[in-house]
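Residue-level structural notes
Here's the letter readout for the chains.
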Amino acid sequence: MVDRRTDENVGLPPREVADILPPHAHGWIGRYVFSQDAKYIAIQYAGTAVAIGLVALVLSWLMRLQLGFPGLFDFITPEAYYQFVTMHGMIMVVYLLTAIFLGGFGNYLIPLMVGARDMVFPFVNMLSYWVYLLAVLVLAASFFVPGGPTGAGWTLYPPQAVLSGTPGGQQGGIILMLLSLILFIIGFTMGGLNYVVTVLQARTRGMTMMRLPLTVWGIFTATVMALLAFPALFVACVMMLFDRLLGTSFFMPALVEMGEQLSYGGGSPIAFQHLFWFFGHPEVYIVALPAFGIVSDLIAVHARKNIFGYRMMVWAIVIIGALSFIVWAHHMYVSGMHPWFGFFFATTTLIIAIPTAIKVYNWVLTLWQGDIHLSLPMLFALGFIVTFVNGGLTGLFLGNVVVDVPLSDTMFVVAHFHMVMGVAPVMVIYGAIYHWYPKMTGRMLNDAMGKIHFWVTFLGAYAIFFPMHYVGLVGVPRRYYEIGEPAFLTAPVDGLNAFISAAALLVGAAQVLFLFNLFWSLRRGRESGPNPWRATSLEWQTPDTPPRHGNWGDALPDVYRWAYDYSVPGAPEDFVAQNDPWVPDAQEGRL
Amino acid sequence: MTVILAFLALVALAAGWWLSQQHLAAKPWLETGVAPRAGHGPGQAPGLIFTGVFVAVMGGLFAMLGSAFVMQIEETPYELVPLPPRVWLNTALLLLASACMQFVVAAARTGEPRWLRGSLIAASIASVAFLTGQVQVWTALTEGGYALNGAPAASFFYLITGLHGLHVTGGIIALAVICYRQAAGRDVTSLLPGVRACALYWHALLAFWLMLFALLQGWGNAFLALCRTAVG
């Protein structure tokens with residue numbers, strides 16, 4: 001390997017360590033199945049996440065069929081309904097969103113954006129995916145065991161999660177769910193360590209932390225958070241597994257079930273809630289921070305403008321990450337906590353709104369007077385901002401103890417977190433796929449299909465979740481198989497529930513069009529060339545599109561600037577790539 | 001949740017120190033040209049950084065367990081398991097293993113194979129003796145009527161020591177790999193990166209064990225009660 005530039009003629013500092021090409025398998029299986037190349041691992045992660053996510057999508061349809069048209073579908077029993085709710089929630093939050101943002105985008109983008117040849121530990125990275133796949137398979141297996149999957153709700157609160165009254169509680173369902181989560185955390189830890197070490201140790205020459213694209217900052221911070229938050233879920237799962245299998249009483253108080261005194265006693269169900277939400281709330285930002293980073297990059301590229309307040313954006317990411325560890329108990333206001341604790345957690349919750357608002361203002365100010373191209377990534381980015389703000393506003397309601405208590409466990413909460421943690425990040429995932437698909441395949445996704453996909457998804461999501469806020473406000477509880485008789489509830493919400501269900505079916509169907517577009521464009525999409533969006537960050541400057549093994553051909557790139565030099569006065573084009581040595585005041589325009 | 005919050009405060013301090021070195025107040029939009037302090041390809045110590053981050057994750061795990069234990073004992077202080085004296089000896093053995101690992105690093109730095117071999121063997125023996133001692137403690141407690149499925153405090157003891165023991169076992173496997181490489185005649189100084197990572201891991205195992213040991217004795221709850229009284 002030879003440096004592209006010699007040190008003497010441009011005054012570059014020498015490389016600390018020789019540039020080494022990562023191990024490269026030559027066989028088909030080594031290259032595509034047990035691949036150690038982060039780009040293939042990313043696609044494996046994303047493919048698996050989308051596949052299991054589709055299962056969760058179908059489960060949401062089944063839930064909505066029951067809520068919209070109660071009694072019409074005999075096969076949706078109360079037990080099945082609870083199983084649908086549980087599996088939908090857990091799959092979407094953990095196995096789809098976390099996996100696709102960190103395992104998918106993290107693997108694909110980190111090495112390319114920091115100018116590395118691959119992750120620092122490719123073998124461990126490969127193991128990470130296979131353990132994740134095993135976790136998904138164990139979870140999916142629970143659909144086929146006697147009693148089916150657990151119906152404990154995605155929060156898996158004990159003691160009910162391991163008792164016979166809950167679907168899967170005394171059968172295999174809960175065991176497989178806990179085992180699967182344990183495996184997921186082990187797999188994620190392998191990958192997460194890789195992402196962190198790669199950002200810390202494998203940045204190319206010139207790539208300071210303050211020159212990293214915000215996408216990398218978002219994924220990096222979210223990974224650090226996940227590495228610190230997932231142990232809480234790990235501990236909770238191991239302890240509950242012990243309670244279920246070995247008869248311990250970590251979370252189990254003395255209980256009488258069906259008139260029979262159980263052998264449990266002395267444990268604390270509230271301890272589980274603390275452990276779960278100590279993971280659960282950072283999890284919101286583990287999903288949100290990569291989305292924040294990605295959307296910042298999408299907006300800058302497609303508005304042809306440097307990101308407004310880059311430093312503030314970095315600080316806000318870090319501050320949000322830190323604050324998210326001291327707000328967990330706002331999910332537990334109704335658990336009987338001391339009022340002073342409620343006050344403390346309400347305060348910290350509302351303080352998080354400050355760095356978050358900084359980010360929103362900066363996105364808007366980036367758009368201000370920008371050359372906005374309403375391309376598909378930009379549409380989805382705009383959709384994200386609007387949705388995130390709307391979802392965030394209802395978060396202000398729920399962050400306050402006195403407002404949360406009456407709204408707790410109603411459909412208002414469901415609508416809130418679906419807006420802020422469901423629709424908003426999914427908008428970013430789509431925007432990111434439309435944005436980076438040309439780099440991954442060398443072809444553009446079909447624009448017409450993409451536009452239909454965007455409008456149906458965006459408007460449809462509002463058709464689902466706006467009325468759902470109202471349904472919650474009038475008092476409809478969440479996790480109820482059917483509302484029953486009270487007329488003051490059923491009269492206003494019956495029609496709305498049917499409407500929401502119809503919208504959900506339509507939005508779900510639009511995702512099939514997106515999947516079709518992914519495969520259709522692989523062969524028939526317009527050729528994209530190496531940098532169709534005229535973007536500055538390093539992943540668009542690879543010598544090959546899609547990038548080959550080792551990413552950078554013979555020489556690693558050198559970085560001369562940050563990732564947001566758009567519309568620079570005097571520059572030959574309206575963007576200056578990070579590895580372009582052009583400077584405005586140099587004699588010949590180049591270093 | 002005091003234990004985990006205290007641990008995260010330490011992590012935040014370390015992260016804050018690192019961030020303070022990253023020129024977060026820089027104005028990258030004004031800087032053009034290769035930054036002298038930038039990353040320079042694969043860094044020199046990815047293994048050590050990997051172990052360091054893993055140690056933080058492991059710390060989070062044990063701190064969470066510690067928090068859950070403290071919450072439990074808050075409710076049922078009378079259920080604390082009386083720890084057999086053997087636990088003190090085990091703690092001393094782990095301390096010895098940790099100290100020996102530091103000798104291993106020093107020997108690898110100075111390139112002295114005899115010191116390296118001797119310290120490696122001593123660290124390995126002390127670690128295996130620690131594990132054996134923990135198993136003996138388990139046996140003694142089980143025979144004393146403290147069953148895994150008994151009172152939650154006893155269950156916590158088995159879970160905490162078991163998970164810690166698993167991590168020690170993982171470390172012993174890594175140590176065995178280094179011993180094998182050394183026996184195979186690898187240059188002593190080439191063992192340094194692996195040895196440094198191993199030593200860091202061992203020091204962390206000791207630090208986490210000391211924390212857990214203190215909590216299992218009930219000192220954590222006593223300390224918190226003292227703090228509450230002081231604040232009150």
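Rules used in this analysis
- Residues numbered from 1 in each chain as written.
- Chains lettered and ligands numbered in written order.
- Predicted model: local features only at pLDDT ≥ 70, side-chain atom pairs only at ≥ 80, totals over all residues.
- Helix = DSSP H or I, 4+ residues; strand = E, 2+ residues; numbered from the N terminus.
- Rg over C-alpha atoms; globule rule 2.2 N^0.38 Å.
- Buried ≥ 20, exposed ≤ 12 C-beta atoms within 10 Å, placed from the backbone.
- Contact = placed C-beta atoms within 7 Å.
- Expected span 1.5 Å × (residues − 1).
- Axes fitted to C-alpha atoms, helices over the stretch in contact; angles between N-to-C directions.
- Parallel < 35°, antiparallel > 145°, perpendicular 65-115°, else oblique.
- Left-handed = near helix turned anticlockwise from the far one by under 90°.
- Nonpolar A, V, L, I, M, F, W, Y, C, P; charged D, E, K, R; others polar.
- Domains from an automatic or database assignment.
- pLDDT = per-residue confidence, 0-100.

This part takes up the overall build of chain A. For chain A, the count of helices and strands is 15 helices and two strands. Over its C-alpha trace chain A gives a radius of gyration of 25 Å, about what one expects of a compact globule, namely 25 Å for 591 residues. Overall size of chain A, expressed as C-alpha extent along the three principal axes, is 85 × 50 × 50 Å. A total of 591 residues make up chain A; the buried ones form 57% of that total. In chain A, the proportion of contacts linking residues at least 24 apart, taken out of those at least 6 apart, comes to 80%.

The next subject is the overall build of chain B. When helices and strands are tallied, chain B shows seven helices and zero strands. In sequence order, chain B lays out its α and β elements as α-α-α-α-α-α-α. If one aligns the C-alpha atoms of chain B with their principal axes, the spans along those axes are about 65 × 50 × 30 Å. Looking at chain B as a whole, 40% of its 232 residues qualify as buried. Pairs at least 24 apart in sequence give 85% of the contacts found in chain B among residues at least 6 apart.

Residue and element names in this part refer to chain A. With an omega of 5°, the peptide bond running from P158 to P159 counts as cis. The residue S567 is not glycine, and still its phi comes out positive at about 50°. Look at S567 and you get partly exposed, because 15 C-beta atoms sit within 10 Å.

Below, the discussion takes up the environment of I464 of chain A. All names here are of chain A. Among the structural elements, I464 can be located in helix α14 (residues 447–473). C-alpha of I464 to C-alpha of L496: the two residues are 32 residues apart in sequence and 9.3 Å apart in space. Once you skip the residues sitting within four places of it in the chain, I464 turns out to touch I500, A503, A504 and V507.

So, about helix α6 (residues 172–201) of chain A. Every α-helix winds through 3.6 residues per turn, so residues three or four apart in the chain are directed the same way. Compared with an ideal rise of 1.5 Å per residue, which puts 30 residues at 44 Å, α6 of chain A spans 43 Å between its outermost C-alpha atoms and is within 8% of the ideal. Burial runs high along α6 of chain A: 26 of the 30 residues are buried.

All names here are of chain A. For the pair helix α9 (residues 310–323) and helix α10 (residues 339–367), the least separation of the axes is 9 Å and the interaxial angle reads 155°. In terms of their interaxial angle, α9 and α10 are classed as roughly antiparallel. For the crossing formed where α9 meets α10, the hand is left-handed. Side by side, α9 and α10 meet where M312, M313, A316, I319, I320 and L323 of the first sit next to T348, I351, I352, P355, T356, I358, K359 and N362 of the second. Residue composition of the contact of α9 with α10, grouped by class: ten nonpolar, three polar and one charged.

Let's shift gears to the interface of chain A and chain B. In this complex, chain A contributes 60 residues to the contact, which on the side of chain B involves 46 residues. For the side of chain A that touches chain B, the secondary structure elements donating two or more residues are α6, α7 (214–245), α8 (269–302) and α9 of chain A. For the side of chain A that touches chain B, the leading source of residues is α7 of chain A, giving eight residues. Here the side of chain A that touches chain B is built from residues that sort into 39 nonpolar, 13 polar and eight charged.

Let's shift gears to the domain arrangement of chain A. Residues and elements named next belong to chain A. Domain boundaries in chain A define domain 1 (34–251) and domain 2 (543–591). Once you take the C-alpha centre of each, domain 1 and domain 2 turn out to be 37 Å apart. Listed by partner, the interface residues are twelve residues for domain 1 and twelve residues for domain 2. Tallied by class, residues from the side of domain 1 that touches domain 2 come to four nonpolar, three polar and five charged.

For chain B, mean pLDDT is 89; residues scoring 70 or higher make up 95% of the total. Here helix α7 (residues 219–231) of chain B stands out as the element of chain B with the lowest mean pLDDT, 82, in contrast to helix α3 (residues 86–110) of chain B, whose mean of 94 is the highest.

Let's shift gears to the packing of helix α3 (residues 38–68) of chain A against helix α5 (residues 122–141) of chain A. Residues and elements named next belong to chain A. Between α3 and α5, the shortest axis-to-axis distance is 10 Å and the interhelical angle comes to 10°. With respect to α5, the element α3 is oriented roughly parallel. Taking contact as the criterion, the partners of A38, I41, Q44, Y45, T48 and I52 in α3 are, on α5, N125, M126, Y129, Y132, L133, V136 and A140. Across the contact of α3 with α5, the residue classes break down as ten nonpolar, three polar and no charged.

All names here are of chain B. Within the fold, V195 resides in helix α6 (residues 192–216). In this structure the C-alpha to C-alpha distance between V195 and G118, which are 77 residues apart in sequence, comes to 14 Å. Setting aside its immediate chain neighbours within four residues, V195 contacts V104, V105, A108 and I178.

Attention shifts here to the confidence of the model for chain A. With 96% of its residues at a pLDDT of at least 70, chain A reaches an overall mean of 91. Contacts for the low-pLDDT stretch residues 1–9 of chain A, under 50 throughout, to residues beyond four places or in other chains number 13 contacts.

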